[in-house]
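Below are the chains, spelled out letter by letter.
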Amino acid sequence: MESWGWAILMVEEFDSVANAASAHGVVVVGRGTTEDGSTAFRYTEADGMRSIQDILVNDFGTDLTDWRLAEANGVSGDGRTIVGLAFNPDGVRSGSSRQFTSRWCQ
């Protein structure tokens, strides 16, 4: 019998789904799972996959305290406007979700 003392398998399921791409495919948006649940992401070749919430908070100083941007569903042709699903600080799905729109110039 072999000893596998150090090889305890912890199976966690993480995935990501691309929901939309800009006209030339430069910007891809969707949702990915993390330890905290679903999160909206933006992918570019230059920056890789980044949480849209992190971009808005860290790069643009947006106050999203207790909000969760759960999924990005669409992106404009130029890749600068993203829409998706967000949850308010109560985190209740029913009646508390709303669409978010994010626009930036880079």
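You'll find the structure just up there.
The numbers attached to residues start from 1 for each chain and follow its sequence in the written order. Given that this is a predicted model, residues contribute local features only at a pLDDT of at least 70 and side-chain atom pairs are listed and counted only at 80 or more, while totals for whole chains, interfaces and linings are drawn from all residues. Neither water nor hydrogens contribute to the side-chain values; these are computed over all heavy atoms in the structure.

1. Re the overall build of the protein chain
Right, so step 1: When its secondary structure is counted, the protein chain shows one helix and seven strands.
Right, so step 2: Helix numbers and strand numbers start at the N terminus; a helix is a DSSP run of H or I with at least 4 residues, a strand a run of E with at least 2. The N-to-C order of helical and strand elements in the protein chain reads β-β-β-β-α-β-β-β.
Right, so step 3: Of all intrachain contacts in the protein chain linking residues separated by at least 6 positions in sequence, the fraction that spans at least 24 positions is 31%.
Right, so step 4: Using a 1.4 Å probe, the Shrake-Rupley method yields the accessible areas, and only the shown protein chains count as cover for residues. Looking at the protein chain as shown, the accessible area adds up to about 7200 Å², and 50% of this sits on carbon and sulfur atoms. It only takes one pair of heavy atoms within 4.5 Å for two residues to be counted as in contact.

2. Thoughts on the sheet that holds strand β4 (residues 48-51)
Right, so step 1: The pairing criterion for strands is at least two bridges between them, as found by DSSP. Pairing is antiparallel in the open sheet, where four strands are placed in the order β1-β2-β3-β4. Two strands lie at the open edges of the sheet, namely β1 (16-21) and β4, each paired on one side alone. Mean inter-strand twist for the sheet, computed between neighbouring axes without regard to direction, equals 30 degrees.
Right, so step 2: Sheet strands touched by helix α1 (residues 52-59): β3 (37-44) and β4. Its angle to β4, the strand with the most contacts, is close to 75 degrees. Lines are fitted to the C-alpha atoms to define the axes, a helix being fitted only along its stretch in contact, and any angle between axes, read from their N-to-C directions, falls within 0 to 180 degrees.

3. Some points on the side chain of S22
Right, so step 1: With respect to the helices, strands and loops of the structure, S22 is situated in the loop between β1 and β2 (28-34).
Right, so step 2: Overall, the relative accessible area of 7% leaves S22 in the buried class.
Right, so step 3: Once you skip the residues sitting within four places of it in the chain, S22 turns out to touch V27, V75, S76, G77, D78 and G79. For the exposure calls, accessible area comes from a 1.4 Å probe over protein chains only, and a residue counts as buried if that area is under 20% of its type's maximum, exposed if over 50%, partly exposed in between.

4. What to know about the side chain of S51
Right, so step 1: Along the chain, the position of S51 falls in strand β4.
Right, so step 2: Definition of a polar contact: a pair of N or O atoms within 3.5 Å, with one able to donate and the other able to accept a hydrogen when the atoms are protein atoms, and with sequence-neighbouring residues admitted only if both atoms are side-chain atoms. Among the polar contacts listed, one links the side chain of S51 to the backbone nitrogen of D54, at a separation of 3.2 Å.
Right, so step 3: Discounting chain neighbours no more than four positions away, the residues touching S51 are T39, A40 and F41.

5. Observations regarding the environment of A72
Right, so step 1: Note that A72 resides in strand β5 (residues 68-75).
Right, so step 2: The spatial distance from the C-alpha of A72 to the C-alpha of A86 is 8.9 Å, given a sequence separation of 14 residues.

6. Let's talk about the pairing of β2
Right, so step 1: Strand direction decides the pairing type here: β1 and β2, joined by five bridges, are antiparallel. What sits directly across from V17, in β2, is R31.
Right, so step 2: Hairpin connection of β1 to β2: six residues between the antiparallel strands, including G25 at a positive phi of 75 degrees.
Right, so step 3: For β2 and β3, the ladder comprises seven bridges, and the chain directions are antiparallel. Residue pairing in the sheet places G30 in a bridge with F41 of β3.
Right, so step 4: Counting the residues in the hairpin turn of β2 and β3 gives two residues.

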